[in-house]
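# Understanding the architecture of this molecule
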Amino acid sequence: MTVKKVIAENSRNVSIEIEGRFDFSLHQQFREAYSSCNDSGTQFSLELSKATYMDSSALGMILLLKDHAEKVGGDVLINRPSEGVNKILEIAQFHRLMTIKV
Amino acid sequence: MIDFRQLLFFIGIGLSLFIGVNTLFIQMGVLSVAATFFIGVIFFLLFREEQKQGNKTVDNKANDDAIDVDIVRHSFIQMNMLISKQIEIIENEIERVSNLVRDAVGGISESFKYLQNLSLEQQKMINSIISSKQKTDDNEHTTLESFVNDSSKTLEDFVNVIITTSKKSLETMVYTDEMVKQLDGIFKLLSQVENIASQTNLLALNAAIEAARAGDAGRGFAVVANEVRSLSINSTELNNDIRSEISLAQTIIDNLRKSVEHMASADMTSTLKAKDKVSLMVEHVSNVNNETNLVVEELAALGPQIVDTVATGVRSLQFEDLTFQTLASLKDNLAAISSLSQLLTDFDRNKDNCAEQLSNITLQCEEIIENTKQADESRSVSQMSMEEGEVDLF
């Protein structure tokens, strides 16, 4: 249950990786991971290969991240979600909202 | 002069031929064949009798003639009776066949009508099934298909509501965190106010000591110092009140956070299962629909085939008309035989010219044969097949 944040040198590519359960307990860490990245055109990629579970608050957090990315003229990409997590993303029809790389 | 026996022989052949031809036309089988056979036998016996008598009496020709005429007349009466009896039987048989055919055709025709009505009803049902399956958008005709699609849509809406709620809750959480920070700021300010109050208290205490040292001159000042001191104490109490109120607010905010967390965190596992079930149902309904469509199409195709078959059956019922025509022409043949019978009855033994009468009979027989032949030819020209006509349902 951790949030790792890696910012590339050009500061336009921010990678956020979730390990374990992706739920409400992460909301503050998650928001802190992106709220300070305000460079225009920043690409946020969310690594979910190690995420084992996801509830609706995780979906809400991703939507808030997307709002933030759009505010700075950037985009959100979800990378290699695990099978269970991917099913949740499919039900929520997130593939219509953002790119999901399986 | 023609020999009487020869004449009789020719008449016999003529009658046999005539009845034979008629019998052939009648084609009624045993009865007529039997009639022909009997007549043939009678003539054969007659001819033999004549031969015997001819051998016996050659000299007494006039007497022979009288006897011959008697014998002939007797034979003719017998033949007449036989023919009349046969005609009667055949007429009865024809009547019986007519009735049988009429009854059977009536029954079959009723059955066909009923069958056709049933087929039409079945066709209507199939059409109503087809049209009701097409009414998927009509609210009053909710089909399984539309229901499942609605369910799928409802589930999507439900998921959207959950996600939107989570998002809004998280936003609320951000504001709540901001508010907690503000409250912490207020606590810091309250501490400063407390410091000021305690310093004021200390200053007031010092002022009171200095006023006491000044004696009477400082008495008034001592009162003021005391007032300032009590003010600082009031101020500290007020500060504590504010602190406890804000602490209460913090507790409330903690509760709020818990509520918001609860709102934001919905487990999606049950939704996943529901989604799987709905997907399964969509597939199932689609399969059932396809199967039903196939069967209904097959049923719809059967309808016209039944109608065709019924039409063929009805057309085949023309055999009634053809049979009646045939039976009617059989009656003509019987009438011909009747007229022969009449000829035999008319034979008059009192007349001297018996040979002339016999040859007259021969002539008339030939005439009847000719008429019968012509009637048969015209009959064979008329319709013989049931395939040639069209008959509507009656």
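Look above for the structure.
Conventions we followed
- Counting from 1, residues in each chain are numbered in the order their sequence is written.
- Chain letters start at A and ligand numbers start at 1, both assigned in the order the entries are written.
- This being a predicted model, a pLDDT of at least 70 is required before a residue's local features are given, and a value of 80 or more before pairs of side-chain atoms are given or counted; all residues contribute to the totals for chains, interfaces and linings.
- Note that the side-chain values use all heavy atoms of the structure and ignore hydrogens as well as water.
- A simple rule labels every residue: compare its accessible area, found with a 1.4 Å probe on the protein chains alone, to the largest value its type can have, and call it buried under 20%, exposed over 50%, or partly exposed in between.
- Helix and strand labels come from DSSP, where a helix needs a run of H or I of at least four residues and a strand needs a run of E of at least two; each type is numbered from the N terminus.
- When DSSP finds two or more bridges between a pair of strands, those strands are recorded as paired.
- Here, nonpolar core refers to any group of buried Ala, Val, Leu, Ile, Met, Phe, Trp, Tyr and Cys residues whose side-chain atoms link them within 4.5 Å.
- By definition, residues are in contact when any of their heavy atoms lie within 4.5 Å.
- The term buried area denotes the loss of accessible surface (1.4 Å probe radius) that occurs when two parts are joined, taken as the sum for both partners.
- What counts as a salt bridge is simple: a side-chain nitrogen of Lys or Arg found within 4 Å of a carboxyl oxygen of Asp or Glu.
- Any pair of N or O atoms that falls within 3.5 Å is considered a polar contact. Within protein, one atom must be able to donate a hydrogen and the other to accept it, and sequence-neighbouring residues count only if both atoms are side-chain atoms.
- Polarity classes work like this: nonpolar for Ala, Val, Leu, Ile, Met, Phe, Trp, Tyr, Cys and Pro, charged for Asp, Glu, Lys and Arg, and polar for all others, with Gly in that last group.

## Quick word on the pairing of strand β2 (residues 13-22) of chain A
All names here are of chain A. Of all 10 residues making up β2, 7 are buried, and the element is well covered by its neighbours. Note: strand β1 (residues 2-7) against β2, 6 bridges, orientation antiparallel. Within the sheet, the bridge partner assigned to lysine 5 lies in β2 and is isoleucine 16. As paired strands, β2 and strand β3 (residues 43-47) are joined by 5 bridges and run parallel to one another.

## Some thoughts on the nonpolar core
In terms of nonpolar packing, the biggest core is built from 44 residues, with Phe22, Leu48, Met54, Leu89 and Phe94 of chain A touching the most fellow members. In terms of residues, this core owes the most to one element, helix α2 (residues 56-71) of chain A, which gives 8 residues. With sequence-adjacent residues up to four places away left out, methionine 54 of chain A is seen in contact with Phe22, Leu48, Leu59, Ile62, Val85, Ile88 and Leu89 of chain A together with Met268 of chain B. Counting 29 residues, the second largest nonpolar core, distinct from the first, contains Leu8, Val72, Leu344 and Phe347 of chain B.

## Let's talk about the environment of leucine 343 of chain B
Here leucine 343 of chain B lies in helix α7 (residues 319-346). Residue contacts for leucine 343 of chain B: discarding those within four places in its chain leaves Ile361, Gln364 and Ile368 of chain B.

## Thoughts on the interface of chain B and chain A
Of the residues lining the interface, 24 residues belong to chain B; the matching set on chain A comes to 21 residues. Here chain B packs against chain A, burying approximately 1900 Å² in sum over the two surfaces, 68% of which is carbon and sulfur. At the junction of chain B and chain A, the tally comes to 2 salt bridges. For lysine 167 of chain B, the salt bridge identified is with aspartate 67 of chain A, shortest N-O distance 2.8 Å. Counting across the interface, chain B meets chain A through 7 residue pairs in polar contact (both at pLDDT 80 or more). Put simply, the parts of the chain that give the side of chain B that touches chain A at least two residues each are α4 (144-213), α5 (219-264) and α6 (269-316) of chain B. Broken down by element, the residue count for the side of chain B that touches chain A peaks at 11 residues, all from α4 of chain B. Its residues assigned to classes, the side of chain B that touches chain A comprises 11 nonpolar, 4 polar and 9 charged.

As far as function goes, none of this settles anything; it's purely spatial.
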